[in-house]
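Structural features, examined
Chain by chain, the residues run as shown.
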Amino acid sequence: MRTLKVALLGCGVVGTEVARIMTTDAADLAARIGAPVELAGVAVRRANRPRPGIPDHLITTDAAELVKRGDIDVVIEVIGGIEPARSLILSAFDNGASVVSANKALLAADGAALHGAAAKAGVDLYYEAAVAGAIPLIRPLRESLAGDKVNRVLGIVNGTTNFILDKMDSTGAGYSEALEEATALGYAEADPTADVEGFDAAAKAAILAGIAFHSRVTAENVFREGITEVTAADIASAKAMNSVVKLLAICERSTAADGTESVTARVHPAMIPLTHPLANVRGAYNAVFVEADAAGQLMFYGPGAGGAPTASAVLGDLVAVCRNKLGGATGPGESAYAQLTVNPMDDVVTRYHVSLDVADKAGVLAQVATVFAEHGVSIDTVRQQGREGDASLVVVTHRATDAALSATVSELRTLDNVRGVASIMRVEGE
Ligand SMILES: NC(=O)C1=CN([C@@H]2O[C@H](COP(=O)(O)OP(=O)(O)OC[C@H]3O[C@@H](n4cnc5c(N)ncnc54)[C@H](O)[C@@H]3O)[C@@H](O)[C@H]2O)C=CC1
Ligand SMILES: N[C@@H](CC=O)C(=O)O
Ligand code: NA
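What you see as residue numbers is a count from 1 along each chain, following the sequence as written. Chain letters and ligand numbers both follow the written order, the letters beginning at A and the numbers at 1. The model is predicted, so local features are restricted to residues of pLDDT at least 70 and side-chain atom pairs to those at 80 or more, both for listing and for counting; the totals for chains, interfaces and linings are taken over all residues. Only hydrogens and water are set aside when side-chain values are computed; all heavy atoms of the structure are taken into account.

**Details of the site of ligand 1**
Here is the rule: Working definition: residue near molecule or strand if any one of its non-hydrogen atoms lies within 4 Å of it. Side-chain atoms alone can form a polar contact between residues adjacent in sequence; in general such a contact is a pair of N or O atoms within 3.5 Å, and within protein one must be able to donate a hydrogen while the other accepts it. Only the protein chains shown count as cover for residues, with accessible areas throughout obtained via the Shrake-Rupley method and a probe of 1.4 Å. Classes in brief: Ala, Val, Leu, Ile, Met, Phe, Trp, Tyr, Cys and Pro nonpolar; Asp, Glu, Lys and Arg charged; the others, Gly included, polar.
Lining the immediate surroundings of ligand 1 are 21 residues, of which Val13, Val14, Lys104, Glu189 and Gly306 lie closest. Between ligand 1 and Val13, the relevant distance is 2.9 Å, taken from an oxygen atom to a main-chain nitrogen or oxygen of the residue. A distance of 2.9 Å separates an oxygen atom of ligand 1 from a polar atom in the backbone of Val14. In the complex, 85% of the free accessible area of ligand 1, which totals 830 Å², lies under the protein chains. A per-class count over the shell around ligand 1 returns 11 nonpolar, 7 polar and 3 charged.

So this is what it looks like as structure tokens:
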């Protein structure tokens, strides 16, 4: 029976756990695959770090050489970032290896080219770990739901930001303190700007939208707002409305009057009611709803970040691609036949929570309400609190387009009685 050889690129939070499980569970993995899998090389940036459980002779600082060695069946890429990860993956394909990657940034930027290269080489490209960590989501969308029509994918896909918002909401922790803890726990990206500015979630949204809608969606097509502007006042305001603030990724299909279908993909903080299942997703957990024509609503929930949970998804892919190799087959590749257009954020329809600092005098409320009405944005509720000549006015709207809301806010900013727009947050889940 031939042994399948695996090259591991990157031995950080995720790579360390992948190597550990491959070693400790070698016999079970071999039985499930139908052949032994051997860790044949581990590419690292710094060779002199202690790496318990990994024999020294396997360590190399030359990842490019490792993937070109000629005897590697599967390359596991857990370095992250665009380069050198992209070149290493392409080189792995050229050398006949299948690739398992956790790299959402790369897949969302260049997934089509990578899929093309894998197909040309007759090998697999699997990346379950790239979206929502341990939660099986890519494979259910790509395989289990391949016979259905997915209309909406909505959820929490970034563990770090969910951890931070949860800490701020439940313990009153400060933003920086919560981010430091998330980083220490191995949830954050190498540069946590990717998490807190929403780039990581946007990359995941692009991958999900592409697979769900059988179209090409890149990170650039995804509207993105992170959590850096979310204030303690926003969180308090959400609480006052029996809601909570979450960073959501929302990918939706819509159909125009003439039957033309298109999609939108967005990532932004939103207020959701405490009664919504997403409100109870705590810590670094993720949860994603998928709505499909025949299946109805499905919910996927579990650990979205961290070394071991992410390694679980990587190992699942490793087993799958090894089975394919032994069977002389490949798994499903890219499916982008529908080629749906991705519409801009202006076209998105949702509800809004707008917090204004206004002069506390008669007629201001009516003036503000008129501006909303003139732009066709209907008001659901208004809450006003006075404080020494100034007042805070919180308006929650009914559903309106993002374009209409933006125009409303632009005009409000020009009013003398509006001293400032303290925050604008979308309201979802009702
Ligand atoms: N940490 C998590 O919870 C999750 C991470 N991911 C993804 O998994 C990948 C890895 O993430 P982490 O392990 O958290 O990052 P990490 O920063 O802990 O590990 C990456 C490792 O790659 C090494 N490296 C960098 N350049 C290299 C090179 N040229 N050759 C060899 N090694 C090199 C670094 O020294 C580092 O040890 C990223 O794409 C990340 O987005 C995906 C899901 C969850
Ligand atoms: N930094 C990411 C890691 C998993 O994808 C996150 O926090 O979700
Ligand atoms: Na996953």
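Text resumes after the structure shown.
**Structural notes on the UniProt feature "domain: ACT" (unreviewed entry) in the protein**
Filter applied, for reference: UniProt positions are given in the numbering used here, feature names are shortened, and annotations may be inferred rather than shown by experiment. Helix and strand labels come from DSSP, where a helix needs a run of H or I of at least four residues and a strand needs a run of E of at least two; each type is numbered from the N terminus.
The UniProt record annotates "domain: ACT" (unreviewed entry) at residues 353-426. End-to-end, the C-alpha atoms of residues 353-426 are 6 Å apart, and along that stretch the chain is 32% helix and 47% strand.

**Describing empty space enclosed by the protein**
Let me state the cut-off plainly: Cavities and pockets are defined on a 1 Å grid built over the protein atoms alone: a cavity is a set of grid points where a 1.4 Å probe fits but cannot escape, while a pocket is an open set with protein on both sides within 12 Å along at least five of seven lines, and lining residues are those with an atom within 4 Å of any such point. Grid points are joined across faces, edges and corners, and a volume is the space filled by probe spheres set on the points.
The full count for this structure, using the stated rule, is 1 cavity of 30 Å³ or more. Contributing to the lining of the largest cavity are Tyr126, Tyr127, Glu128, Ile138, Arg139, Arg142, Glu143 and Asp317. With 4 residues, the top contributor of residues to the lining of the largest cavity is helix 6 (residues 138-144). Each residue belonging to the lining of the largest cavity can be placed in one class, and the counts come to 3 nonpolar, no polar and 5 charged.

**Some words on the domain arrangement of the protein**
As a reminder, the rule being used: Those domain boundaries reflect an automatic or database domain assignment.
Taken domain by domain, the protein holds domain 1 (4-133 + 308-327), domain 2 (143-302) and domain 3 (345-427). Taking only C-alpha atoms into account, the centre of domain 1 sits 51 Å from that of domain 3.

**Things to note about the site of ligand 2**
By nearness alone, every residue bordering ligand 2 is listed as Lys104, Asn158, Gly159, Thr160, Tyr187, Ala188, Glu189, Asp195, Asp200, Lys204, Gly304 and Ala305. One of the backbone N or O atoms of Tyr187 is found 2.7 Å from a nitrogen atom in ligand 2. Between an oxygen atom of ligand 2 and a side-chain N or O atom of Lys204, the distance comes to 2.7 Å. In isolation ligand 2 has 250 Å² of accessible area, and contact with the protein removes 94% of it.

**Considerations on the coordination of the sodium ion (ligand 3)**
This is how the line gets drawn: Nitrogen, oxygen and sulfur within 2.8 Å of a metal are treated as its donors, or within 3.2 Å for sodium, potassium and calcium (Na, K, Ca); water is not counted, so a site can appear incomplete.
Protein ligation of the sodium ion (ligand 3) involves Glu128 (O), Glu128 (OE), Val131 (O), Gly133 (O) and Ile135 (O), the donor distances falling in the range 2.4 to 2.7 Å. Expressed as a motif, the donor residue spacing for the sodium ion (ligand 3) is E-x2-V-x1-G-x1-I.

**What to know about the side chain of Lys246**
What counts here: For every residue, the accessible area (1.4 Å probe, protein chains only) is compared with the maximum for its type, and the residue is labelled buried under 20%, exposed over 50%, or partly exposed between those bounds. Within this scheme the basic residues Lys and Arg register as positive and the acidic residues Asp and Glu register as negative, but His and the chain ends are omitted. Note on definitions: salt bridges are taken to be side-chain nitrogens of Lys or Arg within 4 Å of carboxyl oxygens of Asp or Glu. Two residues qualify as a contact provided that any one of their heavy atoms is within 4.5 Å of a heavy atom in the partner residue.
When you line up the elements, Lys246 lands in strand 9 (residues 243-255). Asp166 is the oppositely charged side chain nearest to the buried, salt-bridge-free Lys246, at an N-O distance of 5.1 Å. If we skip the residues at most four places from it in the chain, Lys246 touches Ile156, Asn162, Leu165, His268, Pro269, Ala270, Ile272, Leu278, Ala279 and Val281.

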